[in-house]
Amino acid sequence: MWRTILRRVLIMIPQLILVSILIFMLAQLMPGDPFYGSLNPNSDPATIARMRHAAGLDLPWYQQYVKWVGNVLHGDLGTSYVVNKGWTVTRIIGQRIWPTLSMGIIAAVLTYVLSISQALLAARNENKIIDRILIVWNTMTSAVPSFVFYFVMMVLFVYIIPIFPSSGTGIDDTQSFTTNFFSNLRYAFLPALTIALFSTNSIFQYLRSNLLDQQAQDYVRTARAKGVQIKDVFRKHILRNAFLPIASGIGYSITGILGGAIFAETVFGYPGLGALFVQALSGRDYTVITALMLLQGVLALLGGLLSDIISAWVDPRVRVK
Amino acid sequence: MSELVRIENLKVYYPIRTGFFNRVTDNIKAVDNISFTIESGQTYGLVGESGSGKTTIGKSLVGLEDPTSGKILFEGHEVTTNRQKKAINYNKDVQMVFQDSQSSLNPRKTIGEIIAEPLKNFGVPNFIGAGYDGERSFDQTKINERVLALLKIVGLPAQTVAQYPFQFSGGQRQRIGVARALATNPRLIVADEPVSALDLSVQAQVLNFMKKIQREYGISFLFISHDLGVVKYMTDNIAIMHNGRFVEMGTTNDIFNDAQHIYTKRLLSAIPSLDVSKRDEKRAYRKRIESEFTQNKGAYYQQDGLRDRAYDLEPITKTHYVALKKEGA
Amino acid sequence: MDMEVKKQRFGSKFIKNFWRELEKDNLALLATILLIVLFLFIIIGQIFVPTDIGTMSNILSANLPPLTNGHILGTTNSGADFVLTLIASASNSLIIGFGVAILITIISVTFGMIIGYFGGWIDWIAMRLIDFWLVMPLLMILAIIFSTAKGLSIWSLILILAVLSWPPNVRLIRTLTLSEVNRDYVQAAKISGTPWYKILFTGIFPNISSTVISDFALTLAGSIGIETSLTYLGFGLKHGTSSLGTMLTVLSGSSASSVYTQWWLWIPVTLVLIILTFGIVVLGQVARRAIDQRQSVS
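Residues numbered from 1 in each chain as written. Chains lettered and ligands numbered in written order. Predicted model: local features only at pLDDT ≥ 70, side-chain atom pairs only at ≥ 80, totals over all residues.

## Let's talk about the overall build of chain C
Right, on to step 1. In terms of regular secondary structure, chain C is built from twelve helices and zero strands.
Right, on to step 2. Overall, chain C shows an N-to-C arrangement of helices and strands of α-α-α-α-α-α-α-α-α-α-α-α.
Right, on to step 3. Here chain C, with 298 residues, has 43% of them falling under the buried criterion.
Right, on to step 4. At a minimum sequence separation of 6, the contacts of chain C that also span at least 24 residues come to 71%. (Helix = DSSP H or I, 4+ residues; strand = E, 2+ residues; numbered from the N terminus. Buried ≥ 20, exposed ≤ 12 C-beta atoms within 10 Å, placed from the backbone. Contact = placed C-beta atoms within 7 Å.)

As structure tokens, then:
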């Protein structure tokens, strides 16, 4: 098993390089350059040329790429020109990463909790009313674009029944870490719950059909014939078999955090990385956008790696070896 | 009696990849140096357990597997690779009946379309009979006529043409498969366990149709099976396979009345018989064969890694060959 | 057997099966009826929509509440009638959805089947490429492309969306094809002398067509969703072309009170969106069940 994991990690290195090259080239295609924000209409062309030369913008692209990679590895992601003028991108991202992460992790956990409980409920009551309602609910939430539901949720729980705060993250540089942590939870919970409520379909559908298949299998009939109670059969055998593939999906939830955050944070007024992306894009802040894309690419690769590791670990065939 | 197909030193190996870089470390020797000849109009049985390589030989003959090395000759022309086979429209002369009648008929096509498929590609021969080399027509009416004629030969009513595979039983579907194999007047039909998936009573029916066709049209048959009883009924010549190699080959008479190789004897002793009175006798005989097998293995097999590898075939009589350790080797 | 006769029989059998499936499932029936009503509304309504509806600017009658001056749902902030704008938007969103779904389906079926059938190194390379594609942040890239183009025309949007989102579908088709390729009827077709393209498209494809149809429906609903979502964020169609997304941009940055008082601005649009996407997905499922119904004899 370690061999597979090692091979997997090694494969990730060229993938990382390729992703970074692609993102870099995409960034080059965007109009505007780092001096877009700081240029004064009255600057003379010579100064502009000098500044560009100093920043290495007239070097051939592969040299720029190497420079950029070097910078990134040293933690230098450039400077923002629009979002928070003058701040380094690293600082901006650093400020906003915690809210997005906390929301994302809570959302991921809640998604699993909700999908699994729905699937269990549906499978145990196949074709009864509760099963049909759950199926319709999941079909609907997966067919309709989620931001619609996000908006409805926000209106409901922030304005109509004001339980949750309407905007902000609850994080304040003057407070201590623990205070921030708990205050943030108040702000993060509603968005996280909303995301989770409307992304249950894939796990639900898969798990439900898997559970139903298992229930009909011969070994279950055998166990029941031997006198084992159905709920014990459930616990010991069915769950284990049905959950193996779900476990490997955990890695992919990491990948989805940032993407889901883009809409949720915008609707709920929760300034994390997602909202940052929208802001930066509207303002053409290209350094921030590039950095975020790179972050997402890295997360995606890590997520895939995690999934592969978990499935390798959980696969009984591999374990026996 | 002319030579129809000759197989020389056929090897089909599948590489095994292990290690960090997925290097090829070893091979699965599905077919390990097989040579034999098929004469026109004759019937042959290929017997062995699962994994013995018999299906692989059948598939290589028909063009569904690529040999790793060796030669296949059809009436003197070399047809080892698929390109060579295509060049002489090989499959109009060599066809196959598959084991699983459920999956060998396209569920979305009507029976008429299924049987007509080879006719559309190779043309309709002007009359039915193996070894027909004359005119072939691609005319749609001729194709339809031929399809109806074929259905009649296998005993199915004309309205079958518009129906779908799911509407038929296993035995009927297998007969449809035979009709399809027969469509282009093949000289050789390879039947891969055609009745293994059927109920016993239905087996007899399908087998009888195949026998009738074989006699009437002079087609050579290669009958692949794990069931010696079926093979005895259907074929004149038998070859026994074990671990990718032949252990014994001869006429049906040779094999059943004068079995030489211990593996053959073991297979024969395992055939259940209906004679209850001889039950104890047979059981004792089986046990004796088993012990003989384990004791005398060295005389019949050499070791290849963890596998038993039979020796080359040596002739005992003009028709009978056995895999024995060569004297003085 | 005549191909023409077969096509007719397949068509009528499909419709028969389709109705049967619809009757069985009450919810699907409801969704389908709503969808058909909506479709008719949109199609017939096209007649009444003035061609300058997206670009007209009639400040005097902007943002009127419902039932003033004959405007059933009031007017938009550029003075156009709300209902007519809704009709135009819905049809635009549908055109985009269909365009993208058709393109994606054709591309992914062709590639997926070829990859699944031939396997080998083609398969290996294709899978590496697809895996790689999935790592890239598609949503972000789409947003970036849309934003830099200063607002796109419908056809550019369709193209870009299609080109960027087809790889995941190839995976599905490839898996389906793989499970069929090993079945004996494919082997039998090979030794019947049938050329590979006929085996693929007239032999294997009919067996996977049910899933392809329901996947088409999902892609259709999905692309309507993506376009709407991105336009809502501000990156998408150029000013003057309305889609359901542009009508919903009013939601971004609204205060609580306007959400209540001006409910007509977003509730009808949301309802239309829900009926469209949900109805399409459900129809796709029904269609798939109808095609799979081979146990019934006509």
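## Some thoughts on the overall build of chain B
Right, on to step 1. Each helix and strand in chain B was counted, giving eleven helices and 16 strands.
Right, on to step 2. At 21 Å, chain B has a C-alpha radius of gyration in line with the 20 Å of a compact globule built from 329 residues.
Right, on to step 3. For the C-alpha atoms alone, the extent of chain B along its principal axes is close to 65 × 55 × 45 Å.
Right, on to step 4. When the 329 residues of chain B are sorted by exposure, 44% land in the buried category. (Rg over C-alpha atoms; globule rule 2.2 N^0.38 Å.)

## Comments concerning the packing of helix α1 (residues 2-29) of chain A against helix α13 (residues 286-314) of chain A
Between two packed helices, both the angle of their axes relative to each other and the distance between the axes serve to describe the pair.
All names here are of chain A.
Right, on to step 1. Taken N-terminus to C-terminus, the directions of α1 and α13 make an angle of 160 degrees; their axes are 10 Å apart at the nearest point. As judged from the angle between their axes, α1 and α13 are roughly antiparallel. Helix-helix and strand crossings are classified by hand; for α1 and α13 the assignment is right-handed. Across the interface between the two elements, Thr4, Ile5, Arg8, Val9, Met12, Gln15, Leu16, Val19, Ser20, Ile23 and Ala27 from α1 touch Tyr286, Thr290, Met293, Leu294, Gly297, Leu301, Leu305, Asp308, Ile309 and Ala312 from α13.
Right, on to step 2. Across the contact of α1 with α13, the residue classes tally to 14 nonpolar, five polar and two charged. (Axes fitted to C-alpha atoms, helices over the stretch in contact; angles between N-to-C directions. Parallel < 35°, antiparallel > 145°, perpendicular 65-115°, else oblique. Left-handed = near helix turned anticlockwise from the far one by under 90°. Nonpolar A, V, L, I, M, F, W, Y, C, P; charged D, E, K, R; others polar.)

## What about unusual backbone geometry?
Residue and element names in this part refer to chain B.
Right, on to step 1. Its identity as a non-glycine residue notwithstanding, asparagine 33 has a phi of 65 degrees, on the positive side.
Right, on to step 2. Tracing the sequence through the fold places asparagine 33 in strand β2 (residues 23-39).
Right, on to step 3. For asparagine 33, a count of 16 C-beta atoms within 10 Å corresponds to the partly exposed category.
Right, on to step 4. Within the chain, asparagine 89 stands out as a residue other than glycine whose phi angle is a positive 50 degrees.
Right, on to step 5. Here asparagine 89 is to be found in the loop between α2 (82-87) and β6 (94-97).

## Some thoughts on helix α9 (residues 262-269) of chain B
Right, on to step 1. Restricting attention to buried positions, one finds in α9(B) the residues B:Ile262, B:Tyr263, B:Thr264 and B:Leu267.
Right, on to step 2. Tucked into the core, α9(B) has its buried residues touching α7 (228-234), β11 (237-242), β12 (245-251), α8 (252-257), α10 (279-295) and α11 (297-300) of chain B.

## Things to note about the interface of chain B and chain C
Right, on to step 1. Counting residues at the interface gives 26 residues for chain B, matched by 19 residues for chain C.
Right, on to step 2. Listed by contribution, the elements that provide at least two residues to the side of chain B that touches chain C are β6 and α3 (111-122) of chain B.
Right, on to step 3. Ranked by residue count, the leading element in the side of chain B that touches chain C is α3(B), at six residues.
Right, on to step 4. In the side of chain B that touches chain C, the residues fall into twelve nonpolar, ten polar and four charged.

## Some points on the pairing of strand β1 (residues 3-18) of chain B
Right, on to step 1. Two elements, β1(B) and β2(B), share 13 bridges in a ladder whose sense is antiparallel. Note that in β2(B) the partner of B:Val12 across the bridge is B:Val31. (Pairing = 2+ DSSP bridges.)

## A short note on the interface of chain C and chain A
Right, on to step 1. Taken together, the contact pairs 31 residues of chain C with 34 residues of chain A.
Right, on to step 2. Elements supplying a minimum of two residues to the side of chain C that touches chain A: α4 (120-135), α5 (138-148), α9 (196-233), α11 (256-261) and α12 (267-292) of chain C.
Right, on to step 3. Partitioning the side of chain C that touches chain A into residue classes produces 22 nonpolar, nine polar and no charged.

## Considerations on the confidence of the model for chain C
Right, on to step 1. Residues at a pLDDT of 70 or more form 79% of chain C, whose mean pLDDT is 81.
Right, on to step 2. Both confidence scores are given for the complex: pTM 0.85, ipTM 0.85. (pLDDT = per-residue confidence, 0-100.)

## As for the pairing of β12(B)
All names here are of chain B.
Right, on to step 1. Among the seven residues of β12, six are classified as buried, and the element is accordingly described as predominantly covered.
Right, on to step 2. Taking the residues between adjacent antiparallel strands as the criterion, β11 and β12 are bridged by two residues, where asparagine 243 takes a positive phi near 55 degrees.
Right, on to step 3. Both β12 and strand β16 (residues 321-323) contribute to a ladder of two bridges, which runs antiparallel. Bridged to glutamate 248 within β16 is valine 322.

## Quick look at the nonpolar core
Right, on to step 1. Of all hydrophobic cores here, the largest spans 199 residues; its most connected members are B:Leu222 and C:Ala143.
Right, on to step 2. Other than its neighbours up to four places away in sequence, C:Ala143 contacts A:Leu281, C:Leu230, C:Leu233 and C:Phe235.
Right, on to step 3. Counting eight residues, the second largest nonpolar core, distinct from the first, contains A:Ala119, A:Ala123, A:Phe204 and A:Leu211. (Core = buried A, V, L, I, M, F, W, Y, C linked by C-beta atoms within 7 Å.)

## Concerning the sheet that holds β2(B)
All names here are of chain B.
Right, on to step 1. On the basis of which strands lie adjacent, the open sheet formed by four strands has the order β2-β1-β4-β5 and antiparallel pairing. Across the chains shown, the open sheet's two edge strands, defined by having one partner strand only, are β2 and β5 (77-78).
Right, on to step 2. Across the sheet, helix α1 (residues 54-62) touches β1, β2 and β4 (69-74), and the angle it forms with β1 is around 115 degrees.

## Quick notes on the environment of B:Tyr311
Right, on to step 1. Mapped onto the elements of the fold, B:Tyr311 is located in the loop between β14 (307-310) and β15 (313-315).
Right, on to step 2. A sequence separation of 51 residues divides B:Tyr311 from B:Gln260, and the C-alpha atoms of the two residues are 14 Å apart.

## Observations regarding the environment of B:Phe74
Residue and element names in this part refer to chain B.
Right, on to step 1. Here phenylalanine 74 is to be found in strand β4.
Right, on to step 2. Taking the C-beta count within 10 Å as the criterion, phenylalanine 74 has 22 such neighbours and is therefore assigned buried.
Right, on to step 3. Here the alpha-carbon distance between phenylalanine 74 and aspartate 93, two residues 19 residues apart in the chain, equals 9.6 Å.
Right, on to step 4. Contacts of phenylalanine 74, omitting those with residues within four sequence positions, involve Val5, Val79 and Tyr90.

## What to know about the packing of helix α3 (residues 82-118) of chain C against helix α6 (residues 154-165) of chain C
Residues and elements named next belong to chain C.
Right, on to step 1. Where α3 meets α6, the axes come as close as 9 Å, and the angle between the chain directions of the two elements is 40 degrees. Where α3 crosses over α6, the two elements pack in a sense that is right-handed. Of the residues in α6, those in contact with Asn92, Ile95, Ile96, Gly99, Val100, Leu103 and Ile104 of α3 are Ile154, Leu157, Ile158, Leu161, Ala162 and Ser165.
Right, on to step 2. In terms of residue class, the contact of α3 with α6 is built from ten nonpolar, three polar and no charged.

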